[in-house]
There are 2 protein chains.
Amino acid sequence: MVLRVYLAGPEVFLPDADAMFARKKSLCARHGLIGVSPLDDPPGEPGAQRGADPAPLPRWQAIYQCNEMHLRRCDALIANLTPFRGVSADPGTVFELGFMRALGRPVFGYSTTAAPFSERTSRAAGAANGPRGVDHEGLSIEDFGLADNLMIDGAIAASGGRFFVGDAGAADRWRDLTLFEDCVRAAARIPRARAAPTRPADPEPR
Amino acid sequence: MVLRVYLAGPEVFLPDADAMFARKKSLCARHGLIGVSPLDDPPGEPGAQRGADPAPLPRWQAIYQCNEMHLRRCDALIANLTPFRGVSADPGTVFELGFMRALGRPVFGYSTTAAPFSERTSRAAGAANGPRGVDHEGLSIEDFGLADNLMIDGAIAASGGRFFVGDAGAADRWRDLTLFEDCVRAAARIPRARAAPTRPADPEPR
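Residues numbered from 1 in each chain as written. Chains lettered and ligands numbered in written order. Predicted model: local features only at pLDDT ≥ 70, side-chain atom pairs only at ≥ 80, totals over all residues. Heavy atoms only, no water.

Draft legend 1. Main features of helix α2 (residues 59–72) of chain A. For α2 of chain A, spanning 14 residues, the distance from its first C-alpha to its last is 20 Å, which sits close to the expected 20 Å at 1.5 Å a residue. Residues of α2 of chain A that are buried: W60, Y64, C66, N67, E68, H70 and L71 of chain A. On its buried side, α2 of chain A packs onto β1 (4–8), β2 (34–36), β3 (76–80) and α3 (91–102) of chain A together with α3 (91–102) and α5 (150–158) of chain B. (Helix = DSSP H or I, 4+ residues; strand = E, 2+ residues; numbered from the N terminus. Expected span 1.5 Å × (residues − 1). Buried < 20%, exposed > 50% of the residue type's maximum accessible area, 1.4 Å probe, protein only. Contact = heavy atoms within 4.5 Å.)

Draft legend 2. Highlighting the sheet that holds β2 of chain A. Residue and element names in this part refer to chain A. Across the sheet, which stays open at both edges, the five strands sit in the order β2-β1-β3-β4-β5 with parallel pairing between neighbours. With partners counted over all chains shown, the strands left at the sheet margins are β2 and β5 (163–165), one partner each. For this sheet the average axis-to-axis angle between neighbouring strands, irrespective of direction, equals 20°. Summarising the sheet, β1 and β3 pair through four bridges and their orientation is parallel. Across the sheet, L7 pairs through a bridge with I78, a residue of β3. Across the face of the sheet, α3 comes into contact with β1, β3 and β4 (107–111) while running at roughly 160° to β3. (Pairing = 2+ DSSP bridges. Axes fitted to C-alpha atoms, helices over the stretch in contact; angles between N-to-C directions.)

Draft legend 3. Up close: the relation of the copies chain A and chain B. Once chain A has been moved 0.0 Å along the axis and rotated by 180°, it coincides with chain B to within an RMSD of 0.0 Å. These values place the two chain copies in the arrangement generated by a two-fold rotation axis. Both copies contact each other with a shared surface, as 98% of the interface residues of chain A are interface residues in chain B too. (Least-squares fit on C-alpha atoms with pLDDT ≥ 70 in both.)

Draft legend 4. Region of interest: the pattern of salt bridges. The final tally for this structure, using the stated rule, is 24 salt bridges over all chains. Measuring nitrogen to oxygen at the nearest pair gives 3.0 Å for the salt bridge that ties E137 of chain A to R173 of chain B. Of the two residues, E137 of chain A sits in the loop between α4 (117–124) and α5 (150–158) while R173 of chain B sits in the loop between β5 (163–165) and α6 (178–188), which places them in two different chains. Since its relative accessible area comes to 28%, E137 of chain A is described here as partly exposed. The structure contains a network of salt bridges with shared partners spanning R30, E181, D182 and R185 of chain A. (Salt bridge = Lys/Arg side-chain N within 4 Å of Asp/Glu carboxyl O.)

Draft legend 5. View of the packing of aromatic side chains. Residue and element names in this part refer to chain B. A full pass over the atoms with the stated rule returns 10 aromatic pairs over all chains. Both rings, one in F13 and one in F84, keep their centres 5.6 Å apart while their planes meet at 15°; by these two values the pair is stacked. Within this pair, whereas F13 is found in the loop between β1 (4–8) and α1 (17–30), its partner F84 is found in the loop between β3 (76–80) and α3, the two being separated by 71 residues in sequence. By the burial criterion, F13 is buried, and F84 matches it. Taking the centre distance of 5.8 Å and the plane angle of 80° together, the rings of F84 and W174 count as edge-to-face. With F84 in the loop between β3 and α3 and W174 in the loop between β5 and α6, this residue pair connects regions lying 90 residues apart in the sequence. Comparing F84 with W174 shows no difference in burial state: the two are buried. (Phe/Tyr/Trp six-rings, centres within 6.5 Å; stacked < 30°, edge-to-face > 60°.)

Draft legend 6. Region of the structure containing the state of the cysteines. Residue and element names in this part refer to chain B. Tallying each qualifying case throughout the model produces zero disulfides over all chains. The thiol of C66 is not disulfide-bonded; the next cysteine sulfur, from C74, is found 11 Å away. The class for C66 is buried, based on a relative accessible area of 8%. C183 forms no disulfide, and the closest cysteine sulfur to it belongs to C28, at a distance of 9.9 Å. (Disulfide = S-S within 2.5 Å.)

Draft legend 7. Here's a closer look at the environment of E96 of chain B. Take E96 of chain B: it is sitting in helix α3. Residue classification places E96 of chain B among the buried positions, given a relative accessible area of 4%. As for E96 of chain B and V107 of chain B, which are separated by 11 residues in sequence, their C-alpha atoms are 9.8 Å apart. If we ignore the near neighbours within four places in the chain, the residues touching E96 of chain B are M151 of chain A together with Y6, A8, N67, L71 and L77 of chain B.

Draft legend 8. Up close: the pairing of β3 of chain A. Residues and elements named next belong to chain A. The buried fraction of β3 amounts to five of the five residues, a majority that puts the element mostly inside the structure. Here β3 shows no split at all, with A76, I78 and N80 on one side and L77 and A79 on the other all buried. As paired strands, β3 and β4 are joined by four bridges and run parallel to one another. Across the sheet, I78 pairs through a bridge with F108, a residue of β4. As for the winding sense of the linkage, the β-α-β connection from β3 through α3 to β4 is right-handed. (Right-handed = clockwise from strand over helix to strand, strands pointing away.)

In structure tokens, the structure reads:
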């Protein structure tokens, strides 16, 4: 069985999103995996998502349903967790990480920003750091030396995955795939028996 | 069966976190629900999480495991999705929302900030808005008129939950529970048969 890997990340917002996912899929294939992009057509019967429903969903709900279907049909997830418009990863990507962890599937992540979460947060939140950091509203700042919120690092560790972190430089931070390929290599070593305890049977590809 | 509701939110970072969760639990009880806080002791045999393991987990992993155990034993989730140190909700909370949605359990959310996600993002991201907004790095800005990233609004809608949004004012934004109680009321109306298709049998409370 070839492992299907969901490619989570804010690449969906790039003007060259299709090209980015093509590069990611190609790296997956090089290591014997199938990369599944959130932008792929909805799985299932051709046309099943379009026209058959008398009251089609609003576009945002249709996108959500499509992503959820792709997630449920994948065996593992690789998330681009590079800080996105703030101190943490893209929330859509974090949602998908939690989703796949709940299903017991291995989750991997990478970030092209090396500064630890606590340092990024203290810098951004106008922190008045005492022995234990707090932000300007008095809320404490996690300081476990992790790459992001502990639920993110914790899920990756609990699933047997890996979180690869390193600086790619501002110009390349959305397009450098060195750490992504580290994730792919790690995912390719997942024992097949572990990968998808509950994945439903695949329809044959057409 | 009394519904168990996981209370997700960045209240864990407040100096008065225990008091906030006590207030939330009390509101749950008033509507016939059991509120479960991420700060509650780990479920299971007393002492099972402490001492029994010859190599105890690092604190961040122990917190992660505890939260995950609480999540799996709850029937529904109410998330405080008020924007947290940026344009979106707290990533730990978003993770937990994805987790519970994957398990097919109803998820509810509230935010004490009324401005739509696209507006908050455009303001924060130094957006050069054309007909379709993009940020200063050229990444597009979602504009579906939603309260947060479409995976968040989408999951709540798909689960049959509700997302309550309104302005509480800066001083009260972490402590006003008006919208939280709206979530509790909505959760209390969940048909019991729908609530927990896969929840494991509870050990008897001691």
